[in-house]
Amino acid sequence: MSPLLFLILIPIFGAAFILAGANARFTALVASVTNLLFLVVLLTRYELGGEQVYQFVSSWPIVPSMGISLTLGADGLSLVMLALTVLVTLAAVAVARTPEKNPHWFYASLLFISAGGLGAFASIDLFFFYMFHELALIPTFLLIGIWGSGDRQAAAWKATIYLALGSFVLLLGLIGLYLIQPDGMRTFDLRAISGLAKAGFLPEANWVYLLLLIGFGILVSLFPFHTWAPQAYASAPAPAAMLHAGVLKKFGLYGLIRIAAPILPASVLEFSNLLLVLLIGNILYVGYVTISQRKLDLMLGYSSVMHMGYIFLGFAALNILSLTGACLMLFAHGLSIAALFALSGEIRERTGTLDFSELGGLAKPMPAFGLLFGFAAFAAIGLPGFVGFAGELLVFFGSFVGGDLLMGITETGKEIFQLNNFQIATICAVWGVVISAIYMLRAYRRVFFGPVADRWAALPEISGAPRIAVAALIVVMLVTGFFPGLLIKLIESASIWS
Amino acid sequence: MSTLTVPWIILFTPLAAAAAILFVGKFSKPLSAGLAIGAAATSCVLSWWLFFQEAPATSLQFHWIQITDLLQIPIGMVIDGLSKAMLVIVTTIATIVFTYSLGYMKTEEGYWRYFAGLALFLFSMLGIVLADNFLMMFIFWELVGLSSYILIGHYFKKDSAADAAKQAFIVNRVGDFGFLLGILFLWAATGTLMFGELIGRVGDFTLNPIYLTVACILIFCGTVGKSAQMPLHVWLPNSMEGPTPVSSLLHAATMVAAGVYMLARIFPILEAAPHALDVIAWIGGITCFAAALMATQQDDIKRILAYSTISQLGYMVLGIASAPTAEVSMFHLFTHACFKCLLFLCAGSVIVGMHHEQGIWKMGALKNKMPFTFLATVAGALALSGCPGASGYFSKDLIIAWAVVEHPFLGWLSVVTAGLTAFYTFRLVFVVFLGKPRDEAAKHAHESPLVMLVPLGLLSIPAIIAGYPFVEHIFFHTTEPEHVPHLLHPVLWALFAGGTGLAWLLYGNADKDPVRIPLFANRLYIDDVYGWAVKNVQDGGAAVLSWADRWVVDLLVVQVPSKLAWACGFVLRFLQIGNIQAYAFFFGAGVVGILYLLISR
Amino acid sequence: MPTLANYLIVSGLLFSIGMAGVLLRRNILIIFMGLELMLNAANLSLVAFSRFHLVQGGIPGYNAQVFVFFIITVAAAEVAVGLAIIVALYRARQTTHVEDLDTLKF
């Protein structure tokens, strides 16, 4: 019996208890704390550099004739993502405000998203990998549509139809990946498929890669398929935005790094120029769109779209530096955007508005709130000391010499001075660092600095569970930022390299 | 205690103090101040101790990031003459300024926030000084940006302070953009980030000099941002919104010096790229001249000093590009740190005495009310303006001499600048301390408390003597150019006398500014151009893109498919006639048709 | 002795009559009866197939007959549900004519 199954079942049982009538908030907190403790145990039990790449493996055949089985297992990268999921879940449940209508369904939905994310990151079988993600989309739809704010139903429908479309394309891609395997050996088991790819049994299949890229790309809001994200995050209740932007959205990039990079590297390189153009769209175009946002929630939504560009860059360059950086950024961005959405939700609870023109000077009545927001904002723009900086740095270093799986240092210096496409993309991406400083500091300045309006002069300070939760996220980012080696060792033990 | 561990103690004591203040500072004012000053003093004492040790060139090292053998980012320290001298300068100035802050910040709010920021600032700067590789330097480079953001924005309730802090960070990030790219370029070519190894491999670039030139210019962008060279100098005068001791620290030792120090650190690499050095020389020369022009017409006591800092930094950058060793510029950095710190602390003393009034035309005749501050200011002014015998005279004239030899045009430009320096410096002194009191506050000004005057006294001594060879040779070993034009030194003396004299004539007894040059007073309109560009080009462009995102991208990707789906439904719904029997008929007809097709084959 | 063809012709006639009733009559009860007729036409042909498709030793294949029992059972259930729906419909709309029941159009 795999301990990973418990990790997935705990939130599901928690949700079941809640729906059966247990105290919603308390049960959800207990479930997420239990999961966190459970994950810590898993991390200590994980053998770094052990013989098995995937550990805690167990498998239950579901449709043997098609090679579908519920196979759970975790390598270093899965563990990093599981840790992210568990941390963000706990923070999301902690900052959640119990709503008036259907509080039981609210907390149960949060736990279901968590279970879906955990299941997807712990699955080795592609069928269940896909299915768990779909499982998490339904509660996201409910959370936005029922407990959201603003034009919540339009946002919920738009996001859901968009994501369903992406999932559909992704499903086609996964079926394609199944079909290109030689007859009689077909399977959904990722380990077996990687083995086939390494042994040269997989034909070149660019169409499969393109389907995967577009499918996953839509899920991660790759330019130009990004317009659902800011609207959905702006309308979603804070915990839902935290869980989706922090965890679920990472599913697409995780899938690309996990599936496309080791199995279809030739296709990735063949279409690298296409991907570079799109991801520069994410970084520069969406970056400038972010600058002109007038509301904090939309700004954060767009900024999360923009940051995906860096991770795509890490994936596109396809070498050990850039992929490691991309994995670090998955973790870093998940935590920082979760903290930011939590804080913006808290502001909305207090003031009822997130419009820059109405806010200002909030650091005066709420100094601790301002400090936490400052930490989170600087973490998001990749300040050294936070793990995001290490991630961005590795992505830049990797992509600057990019395009070659497990490359040696290219002989750039010895040739005539000319830049290849990866280097041009890297230069654009480094400019993105300036852009993100502009919009983040502007937002910070407009919300927290300047003279304070009378009506905000007596806002209550952040306290209790939200304060602890956000502070915990920041502490994790700081610790992993000072010692990124902790995460890098885990990521290096992942299966994508072997 | 050994030379291996002491640098680590020097570096991390301020960070520990900052973290401690963050947690306990709000409970007790003396505790937070004590922690910060204690940390600075500890670092200072240890730095002096280290300075006189025959330390090994390396220190303990650990790998911050290590990925196979492709990329190693160590955190390690380089202990050589350059870094030891810089350590001493930074920690000593910091200790003095921290102590002075006790008096200056006495009545201000955000006391613990201020001291935590100061300690963090010191930590970041020490990291730059000690870094033995590019990436470690870049990390602390960014942290210096963060600490300056915190300190400049100390009075965050004021719009101007909040904007200045934001501007400082963003402008520095623009410079860092180039810096990081330069690091990437060098790393991609050599595979190493260590200063020592890079310097050893400069020869690899002989086949491809353009590459090295581009890389060096990109790295110089970091200096342009951090040391406030043209065209990224705009943040520095605005940073005067911070508390005055912060300005003092920022201008003397901790932030702007970092850019010049970095150039000195990689000097052997720059030497291999002569075209890059030309660019550096021109930027430095133009900055030094233009900033001096702007300084002549400022009315805010701190802004005058800010522009003079930019101008002096221009000298240092020009010196890097002209002299055969970086020690020449480091020498000026050292003397400048002493007298500029002194001048800012004097300004702070004046500002406290004037109840936080900064306009020089509100002051006047302060020499009677604040005699001690007056004397200290005169000492600083003599040093800054290059009066023969004061510290600035030795270091600045050395740079000018090298510049005249190597880049004659820029050199003579910097000679003219020396005259301007004397003019604007003594304009400040005459207007503030002589003449008549022009305001009620000036009539009731008072001398500052002892805790502020002692630092002034301490700094006045090096401001005068730091340039003499017996001091210089403890720290640096500079060389003089051989073929200096004989006229140069007499011209410089004449310009000093002329500048001072002109200032006396114009401002010795003026009630308002007799000269009005809007071009200089408005800083050559550079700030306005930037303001216009940010507002119209950047924000306007962003607004257009935002509009496009909503009405073009969203339209094409979401609205058009959605409308297409709706149109298909619209066509198909004409089949929905609502009569069950018709549906049954269609169904039956369909079955018959399919059967016919299947059978007829 | 009637052959399989005779049975099938009768079955086809029954099916056509039922089909015509479904397509042409306006009263929903009559349509329902037409439906039943079509089901029974299918039953008839199934029983006929069973009778004429002998497996070993002249015993008829019972599979088809079992099938017929299932159809009869399901048809009974369907009638129960269908009539209930029709009654409910009549109560709601006061009519059993399909032409009046055309709400489900654009």
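Every value quoted in this text rests on a predicted model; they were computed, and no experiment measured them.

Caption draft 1: Region of the structure containing the pairing of strand 1 (residues 55–63) of chain A. All names here are of chain A. Of the strand pairs in this sheet, strand 1 and strand 2 (residues 68–74) are connected by 6 bridges, and their pairing is antiparallel. Bridge pairing in strand 2 places Q55 opposite A74. If you look at the hairpin formed by strand 1 and strand 2, you'll find 4 residues sitting between the two strands, and G67 has a positive phi there, around 75 degrees.

Caption draft 2: Structural context of unusual backbone geometry. Residue F223 of chain A is joined to P224 of chain A through a cis peptide bond whose omega torsion reads 0 degrees. Its place among the elements puts P224 of chain A in the loop between helix 8 (206–219) and helix 9 (228–235). In this model, M230 of chain B is joined to P231 of chain B through a cis peptide bond whose omega is 0 degrees. Locating P231 of chain B in the fold gives a position in the loop between helix 8 (209–226) and helix 9 (235–238). Phi angles above zero are rare outside glycine, and L318 of chain A is one such case at about 55 degrees. Note that L318 of chain A resides in the loop between helix 14 (296–317) and helix 15 (320–351).

Caption draft 3: The arrangement of the nonpolar core in detail. Ranked by internal contacts, the top residues of the largest apolar core, which has 433 residues, are A91 and A376 of chain A together with A36, A119 and L342 of chain B. A per-element tally of this core places helix 6 (residues 159–190) of chain B first, with 20 residues. Once residues within four sequence positions are removed from consideration, L342 of chain B is found in contact with A376, A379, G380, L456, L459, S460 and A463 of chain B.

Caption draft 4: Representation of the interface of chain B and chain A in the model. Contacts between the two partners involve 46 residues from chain B and, on the opposite side, 47 residues from chain A. Sorting the residues of the side of chain B that touches chain A by element identifies strand 1 (62–67), helix 5 (134–152), helix 6, helix 8 and helix 25 (526–572) of chain B as the ones contributing at least two each. A total of 15 residues in the side of chain B that touches chain A trace back to one element, the largest contributor, which is helix 6 of chain B.

Caption draft 5: Geometry of the packing of helix 6 (residues 152–179) of chain A against helix 9 of chain A. All names here are of chain A. The geometry of helix 6 relative to helix 9 is characterised by a closest axis approach of 9 Å and an angle of 135 degrees between their N-to-C directions. Relative to helix 9, the element helix 6 lies oblique. For the crossing formed where helix 6 meets helix 9, the hand is left-handed. Contact residues: helix 6 offers R152, A155, K158, A159 and Y162, while helix 9 offers W228, Q231, A232 and S235.

Caption draft 6: Inspection of the interface of chain B and chain C at higher detail. Taken together, the 10 residues of chain B in the interface contact 8 residues of chain C. Class assignment of the residues belonging to the side of chain B that touches chain C gives a composition of 4 nonpolar, 5 polar and 1 charged.

Caption draft 7: Highlighting the pairing of strand 1 of chain B. Residue and element names in this part refer to chain B. When strand 1 meets strand 2 (residues 71–75), the two strands line up antiparallel, connected through 5 bridges. Its bridge partner lying in strand 2, I65 is registered against I73. From the end of strand 1 to the start of strand 2, which pair antiparallel, there are 3 residues, and T68 there has a positive phi angle of about 40 degrees.

Caption draft 8: Broad picture of the packing of helix 9 of chain A against helix 14 of chain A. Residue and element names in this part refer to chain A. For the pair helix 9 and helix 14, the least separation of the axes is 8 Å and the interaxial angle reads 140 degrees. In terms of orientation, helix 9 lies oblique with respect to helix 14. Crossing handedness for the pair helix 9 and helix 14: right-handed. In this structure, helix 9 uses A229, P230, Y233 and A234 to contact helix 14, whose residues at the interface are D297, L298, L300, G301, Y302, S304 and V305. In the contact of helix 9 with helix 14, the residues fall into 8 nonpolar, 2 polar and 1 charged.

Caption draft 9: Structural detail: the confidence of the model for chain A. Of the residues in chain A, 96% reach a pLDDT of 70 or more, and the chain-wide mean stands at 87. Within the model, the stretch residues 404–415 of chain A combines pLDDT values under 50 with 25 contacts to residues more than four positions away or in other chains.

Rules of the game
Residues numbered from 1 in each chain as written. Chains lettered and ligands numbered in written order. Predicted model: local features only at pLDDT ≥ 70, side-chain atom pairs only at ≥ 80, totals over all residues. Pairing = 2+ DSSP bridges. Helix = DSSP H or I, 4+ residues; strand = E, 2+ residues; numbered from the N terminus. Core = buried A, V, L, I, M, F, W, Y, C linked by C-beta atoms within 7 Å. Buried ≥ 20, exposed ≤ 12 C-beta atoms within 10 Å, placed from the backbone. Contact = placed C-beta atoms within 7 Å. Axes fitted to C-alpha atoms, helices over the stretch in contact; angles between N-to-C directions. Parallel < 35°, antiparallel > 145°, perpendicular 65-115°, else oblique. Left-handed = near helix turned anticlockwise from the far one by under 90°. Nonpolar A, V, L, I, M, F, W, Y, C, P; charged D, E, K, R; others polar. pLDDT = per-residue confidence, 0-100.

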